[in-house]
Amino acid sequence: MMRCQITRGAGEDARDGSEVVVHFTVHAPNEDGSETLVFDSARTSRSGIRFTLGETLHAEVIERAILGMPPGSVVDVICTDTDAARDPELRIEPPVLGSKATDKIVTLQRKEFSEKVGSSIMPDRNKEYAEEARRWKPPETMTRWNVRLDSARGGVVPAYITWPQERLDWTERQKSFGTVLFQRGLYARAGRRYKKAMLDLEIPTEWAPETNIERNRLRLSLHLNIAACCLRTRDFDGAIFHATRALRTQPKNVKALFRRGSAHLALFRERATALDAALADLEMARQLDPDNKEVAIKLAEARARQKQVGVGAAHACSD
């Protein structure tokens, strides 16, 4: 997303937990270079769209548009993230880009990549640019959101929370809404909310022994939830990382073993050691929880993959 401030208002900035009122319009490019009005909030509610910042099912792009802005501000946001531009509450669905618009974006992006690749004196940086160019894909949608923040009341600045129990309560609140997003199938957005909760939890605080125990429990739960989100969004390395962090705290956690094993299994064609790692995790999870059907199914899948690899290797040797 790219945010451009058109007008800056005055007063207290909108922040997580603020009760806000916004007006906005959504526009999409046409093939001839003009724009089509996709949505106008004034037609839905003349008094504005009201929600709690950080705890809404409205399009994520709206939240990013107004976060850190004072009332009276007007911003334009260019959004190429289809999921972030969807609004299930208002039934906003970003239209698919036409071929001419896509071709124009591809031309501009290729020009940018050609200027970046090889431009650094650091070889590793040039490799990163080349890899970025290789992985880039043109967006399916592009929308322009013109958002006006009418009012913002209350909210929380996590860095200013000093009482341990208040920090725990705030983090739990963020985690709970992440679970709402997950249950609605908004896995990437849920993962970002869980990560935000993790960051808020880790802000330096004078923890007492009893609150530190609760903090560790909450951190473990967040790592497990982020791993689940990563699996759903096919970020398997992310799932492995967060499940591993959970296992450092609780080495026999079945959910962590299952999620890390599932991620390793998904990568078995790309990495030579992935299948063995998957089997090790899933077999341990099975030993710890023999009645867990999810673990049993995934372990059976891993063993089937192992047999396929063995058969393939045998054929290769005979040839």
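Considering the pairing of strand β5 (residues 74–79)
No. 1: Among the 6 residues in β5, 5 count as buried, and that is most of the element.
No. 2: In the sheet, strand β1 (residues 2–7) pairs with β5 via 5 bridges, with the strands oriented antiparallel. The residue bridging Thr7 from the neighbouring strand is Val74, located in β5.
No. 3: Of the strand pairs in this sheet, β5 and strand β6 (residues 143–153) are connected by 6 bridges, and their pairing is antiparallel. The residue of β6 that forms the bridge with Val74 is Arg148.

Side note on the packing of aromatic side chains
No. 1: Considering all chains together, one arrives at 4 aromatic pairs under this definition.
No. 2: Taking 5.6 Å as the distance between ring centres and 25° as the angle between the ring planes, the aromatic pair formed by Phe24 and Phe39 counts as stacked. Linking Phe24 in strand β2 (residues 19–29) with Phe39 in strand β3 (residues 35–40), this pair joins segments that are 15 residues apart in sequence.
No. 3: Aromatic pair Phe113 and Trp136: ring centres 6.1 Å apart, planes at 70°, arrangement edge-to-face. Of this pair, Phe113 sits in helix α4 (residues 99–116) while Trp136 sits in the loop between α5 (123–135) and β6, and the two are 23 residues apart along the sequence.
No. 4: Take Phe113: its relative accessible area is 7%, and that puts it in the buried class.
No. 5: Under the relative-accessibility criterion, Trp136 is labelled partly exposed at 26%.

Quick look at the environment of Gly33
No. 1: Residue placement: Gly33 occurs in the loop between β2 and β3.
No. 2: Between the alpha carbons of Gly33 and Lys100 there is a distance of 9.2 Å; along the sequence they are 67 residues apart.

Notes on the pattern of salt bridges
For side chains of opposite charge, pairing can occur when their charged atoms come near one another.
No. 1: The tally for this structure, following the rule as stated, stands at 27 salt bridges.
No. 2: Note that Asp76 and Arg144 form a salt bridge whose closest N and O atoms lie 3.2 Å from each other. Residue Asp76 is located in strand β5, and its partner Arg144 is located in strand β6; the two are separated by 68 residues in the primary sequence.
No. 3: The class of Asp76 is buried, set by a relative accessible area of 16%.
No. 4: Here Arg134 ties to Glu131 by a salt bridge, and the two come within 2.7 Å at their closest N and O atoms.

A short note on the nonpolar core
No. 1: Counting 39 residues, the largest nonpolar core has Tyr194, Leu201 and Leu222 as its most contacted members.
No. 2: Looking at this core, the elements with two or more residues in it are α6 (164–183), α7 (187–201), α8 (209–232), α9 (236–249), α10 (254–266), α11 (274–288) and α12 (293–318).
No. 3: Looking at which element gives the most residues to this core, the answer is α8, with 7 residues.
No. 4: Setting aside residues up to four positions removed in sequence, Tyr194 forms contacts with Lys175, Gly178, Thr179, Phe182, Leu222, Asn225, Ile226 and Cys229.
No. 5: Among the nonpolar cores identified, the runner-up in size contains 26 residues, and Phe24, Val75, Val77 and Ala152 belong to it.

Rules behind the numbers
Residues numbered from 1 in each chain as written. Predicted model: local features only at pLDDT ≥ 70, side-chain atom pairs only at ≥ 80, totals over all residues. Heavy atoms only, no water. Buried < 20%, exposed > 50% of the residue type's maximum accessible area, 1.4 Å probe, protein only. Helix = DSSP H or I, 4+ residues; strand = E, 2+ residues; numbered from the N terminus. Pairing = 2+ DSSP bridges. Phe/Tyr/Trp six-rings, centres within 6.5 Å; stacked < 30°, edge-to-face > 60°. Salt bridge = Lys/Arg side-chain N within 4 Å of Asp/Glu carboxyl O. Core = buried A, V, L, I, M, F, W, Y, C linked by side-chain atoms within 4.5 Å. Contact = heavy atoms within 4.5 Å.

Honestly, it's all geometry; don't read function into it.
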